[in-house]
Amino acid sequence: MPEKAFAAIDLGAESGRVVIGRLDGDRVSLEVVHRFPNRPVHLPDGVRWNLLALFAESLEGLRRAAARTELSGVGVDAWGVDYALLDGRGRMLGLPFHYRDRRTDGMIARAHARVAREELYAVTGIQTMPINTIFQLLADEGSAALAAAERIALVPDVLGYWLSGELANEATIASTSGLLDARSGAWARSIVERLGLPAAPFAGEPLEAGAPLGELLPHHGLAGLPVHAVAGHDTASAFAAAPLHTPDAAILSSGTWSLLGLERDHPLLTPEAAAFNLTNERGVDG
């Protein structure tokens, strides 16, 4: 098989990079062609991500990658939980909040007053942390953005949309929200309803990693370059890349956060798992 090259936009909470991944037979090689800082901004209403700057740097990295080799496609991964709300015309209703913004103080108690923690965990399997999308959305209650929202897009979903013009929720990043059914991989709509969150942003179902989104929009240059919804959660991409030799091998993925875990065929949703506050996040190929 002749060598094929792909571009990966990899966004972390402290920096981003664009990487060329070359696939030659059973060998993969990586080349970082652009690295850039991720600088959150403090606005009067809180701490936000400068997603426009990250997108501009990502496009610069894509241009550098295309100047080095012929590309067969591009995908985006990023950190979990943070999201943008979009209206019916796909317009972003404000820059995404930073997960460390303090607006989620008290939101865990608000959520558990509406849906008991044990019941929430039994459906979603996600550990209880104030940064989770579910608690951030409760902090948005009463806001103009949430009232007008027709779609929700986590960070890699947003960049995939801006690259291709096609908006989709990818399954691995959606699972970090705390609003995905851990068994079915569909949005946990009964939980959404009981929490008092609007239903509209959770229309449709998340795509599995690897699904095509479309081609890069013409105004970006690089006409015809396919855009894929890869494993949008950076941890899911890291786990997919780990060279496991036995089913019970553990993986340690270290970035701004360190995550230690196993690849499993089924989520672990027992009361004991809930008591240890373990988290079940979706990976590649189920």
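Everything numeric here is computed off the predicted structure, so don't read it as measured data.

If you tally the helices and strands in the protein chain, you get 10 helices and 12 strands. The C-alpha atoms of the protein chain give 19 Å as radius of gyration, which agrees with the globular expectation for 286 residues (19 Å, within 12%). Principal axes of the C-alpha set define a box for the protein chain whose edges measure 55 × 45 × 30 Å. When each of the 286 residues of the protein chain is scored for burial, the buried share is 47%. When contacts within the protein chain are restricted to residue pairs at least 6 apart in sequence, those whose partners lie at least 24 apart make up 63%. With the model as given, the accessible surface of the protein chain reaches about 13700 Å², and the carbon-plus-sulfur share is 54%. Separation of charge centres in the protein chain, based on 24 positive and 35 negative side chains, amounts to 5 Å.

Counting residues in each nonpolar core, the largest one holds 40 residues, and the members touching the most others are Ile9, Leu11, Leu62, Trp79 and Leu163. Discounting residues that sit within four places of it in the chain, Leu62 has contacts with Ala7, Ile9, Val18, Leu71, Val74, Leu163, Leu216 and Leu222.

In this section: empty space enclosed by the protein. Under the defined criterion, the tally for this structure stands at 2 cavities of 30 Å³ or more. In this structure, the largest cavity is lined by Gly75, Val76, Pro156, Asp157, Gly160, Ala168, Glu170, Leu213, His228, Ala229, Val230 and Gly232. Going through the elements one at a time, β6 (74-77), α6 (155-164) and β10 (226-229) are the ones with two or more residues in the lining of the largest cavity. With 3 residues, α6 is the single largest residue contributor to the lining of the largest cavity. Classifying every residue of the lining of the largest cavity by side-chain character gives 6 nonpolar, 4 polar and 2 charged. The volume enclosed by the second largest cavity comes to roughly 80 Å³. Elements supplying a minimum of two residues to the lining of the second largest cavity: α3 (117-124) and α4 (133-139). Grouping the amino acids of the lining of the second largest cavity by side-chain chemistry returns 5 nonpolar, 6 polar and 1 charged.

Now for the pairing of strand β1 (residues 4-11). Successive side chains on a regular strand alternate, one facing one side of the sheet and the next facing the other. Pairing geometry for β1 and strand β2 (residues 15-24), over 8 bridges, is antiparallel. Looking across to β2, one finds that Asp10 is bridged to Arg17. The antiparallel pairing of β1 with β2 creates a hairpin that spans 3 residues between the two strands. With 4 bridges joining them, β1 and β6 adopt parallel strand pairing. Bridge pairing in β6 places Ala8 opposite Gly75.

Each value, and the rule that gives it
Numbering of residues starts from 1 in each chain and follows the order in which that chain's sequence is written. At least 70 in pLDDT is required for a residue's local features to be given in this predicted model, at least 80 for side-chain atom pairs to be given and counted, and no such filter applies to totals for whole chains, interfaces and linings, which use all residues. To obtain the side-chain values, all non-hydrogen atoms of the structure were used and water was disregarded. Numbering goes from the N terminus for both helices and strands, where a helix is a DSSP run of H or I of at least four residues and a strand is a run of E of at least two. Our radius of gyration is a C-alpha quantity, and the globule rule it is checked against amounts to 2.2 Å times the number of residues to the power 0.38. Only protein chains enter the area calculation, which uses a 1.4 Å probe; residues under 20% of their type maximum are buried, those over 50% are exposed, and those in between are partly exposed. Contacts: residue pairs with any heavy atoms within 4.5 Å of one another. Computed with a 1.4 Å probe, the accessible areas rest on the Shrake-Rupley method; for each residue, only the protein chains presented here act as cover. By the counting scheme adopted, Arg and Lys are positive, Glu and Asp are negative, and His together with the chain ends is not counted. For charged residues, the charge sits on one atom: NZ in Lys, CZ in Arg, CG in Asp, CD in Glu. In this description, a nonpolar core means a group of buried Ala, Val, Leu, Ile, Met, Phe, Trp, Tyr and Cys residues linked to one another through side-chain atoms lying within 4.5 Å. Only protein atoms enter the 1 Å grid, on which a cavity is a set of points fitting a 1.4 Å probe that cannot get out and a pocket is an open set with protein on both sides within 12 Å along at least 5 of 7 lines, lining residues being those with an atom within 4 Å of a point. Grid points are joined across faces, edges and corners, and a volume is the space filled by probe spheres set on the points. All residues other than Ala, Val, Leu, Ile, Met, Phe, Trp, Tyr, Cys, Pro, Asp, Glu, Lys and Arg, Gly among them, are scored as polar; the first ten of these are nonpolar and the last four charged. Any two strands are treated as partners once DSSP identifies two or more bridges connecting them.

As far as function goes, none of this settles anything; it's purely spatial.
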